[in-house]
Amino acid sequence: MKPRGYVPDQVDLDYIESLSPPAAAALLAIEAAAEPLDVPIVDRASGRVLSILASGRRRIVEVGTAYGYSTLWMALGQPPEGRITTIDPDTARTDLARGWWRQAGIADERITVVSRPALSAFADREPVLDGPFDLAFIDALKFEYADYLTALRPRLAPGALVVADNVLWGGAAARPGSRDRDTQALRDFSAAALADPAFSATILPVGDGLLLAALR
Ligand SMILES: C[S@@+](CC[C@H](N)C(=O)[O-])C[C@H]1O[C@@H](n2cnc3c(N)ncnc32)[C@H](O)[C@@H]1O
């Protein structure tokens, strides 16, 4: 009999890993560079999900680039004519990201970096952020997630998908004892997104929690 409510463990995750095609060399290079410096990037399972979600979505916007790991997963999943606009004020990180995107064979014109804090870039109506976007990936300041979504809303195409990382926040979001600003902001963001009638939304327990919201 099949177990009900089964919670996957490391053996299951290793099994999934063993079935997955090897990650591109540039992705492995980013993982190796990020780890010793504690540069926060999505985990590989989340990267695979992002890559699949990006397939068929030509116009993507990302808030929070870092070393461009999630950007590259999405670029590899997009059709070749796909375009990504990714926002991060940290040019030391995004300059390195460009090298790894090139290593993976992604043409420079496919990825535009906006080197500013996202909310001010949205407020100033940077033309590259006009949209409309088919997918938006949110992965920057946790206490600003709700404001990113507010700014993104008018820039989404019909049927667009919004994805946000870290909504489980290492288990803190689900545990009432955690009351810090980021945890509370993530709880409020998830509750609002899942209750919003404009979206059909859920949280995948992948990595640190991936919220998916499809514009109805
Ligand atoms: C979690 S990392 C992004 C990781 C990336 N999405 C990945 O998985 O490869 C968050 C990034 O957000 C950037 N960031 C910080 N403040 C920001 C802001 N106001 N607007 C946009 N990005 C910001 C940081 O510089 C950092 O590189």
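Each remark here, short or long, concerns the structure printed above.
Residues numbered from 1 in each chain as written. Predicted model: local features only at pLDDT ≥ 70, side-chain atom pairs only at ≥ 80, totals over all residues. Heavy atoms only, no water.

Novice: Before we go on, may I ask you to explain the packing of helix α3 (residues 44-54) against helix α4 (residues 69-77) in this structure?
Specialist: Packed helices, taken two at a time, are described by their axes: the angle between them and the distance between them. Contact geometry for α3 and α4: axes closest at 7 Å, N-to-C directions at 40°. Overall, the two elements α3 and α4 adopt an arrangement that is oblique. The handedness of the crossing between α3 and α4 is right-handed. For the pair formed by α3 and α4, the contact residues are R44, G47, R48, L50, S51 and A54 on the first element and Y69, S70, W73, M74, L76 and G77 on the second. Of the residues that constitute the contact of α3 with α4, the class distribution is six nonpolar, four polar and two charged. (Axes fitted to C-alpha atoms, helices over the stretch in contact; angles between N-to-C directions. Helix = DSSP H or I, 4+ residues; strand = E, 2+ residues; numbered from the N terminus. Parallel < 35°, antiparallel > 145°, perpendicular 65-115°, else oblique. Left-handed = near helix turned anticlockwise from the far one by under 90°. Contact = heavy atoms within 4.5 Å. Nonpolar A, V, L, I, M, F, W, Y, C, P; charged D, E, K, R; others polar.)

Novice: Even after reading the chapter, I still don't get the environment of A32, so can you show me in this structure?
Specialist: Its location among the elements puts A32 in helix α2 (residues 25-37). A relative accessible area of 53% means that A32 is categorised as exposed. When the C-alpha positions of A32 and A213 are compared, they lie 31 Å apart, and in sequence the two are 181 residues distant. (Buried < 20%, exposed > 50% of the residue type's maximum accessible area, 1.4 Å probe, protein only.)

Novice: Explain the sheet that holds strand β7 (residues 210-215) to me, please; I cannot follow it from the model alone.
Specialist: One key point about sheets: their strands pair by backbone hydrogen bonds, in either a parallel or an antiparallel sense. Spatial strand order, β3-β2-β1-β4-β5-β7-β6: seven strands in an open sheet with mixed pairing. With one partner strand each, in any of the chains shown, β3 (111-114) and β6 (199-204) form the two edges of the open sheet. For this sheet, the mean inter-axis angle between neighbouring strands, taken without regard to orientation, is 15°. Note: strand β2 (residues 83-87) against β3, four bridges, orientation parallel. Considered in β3, the bridge of I84 is made with I111. Across the face of the sheet, helix α5 (residues 91-103) comes into contact with β2 and β3 while running at roughly 175° to β3. (Pairing = 2+ DSSP bridges.)

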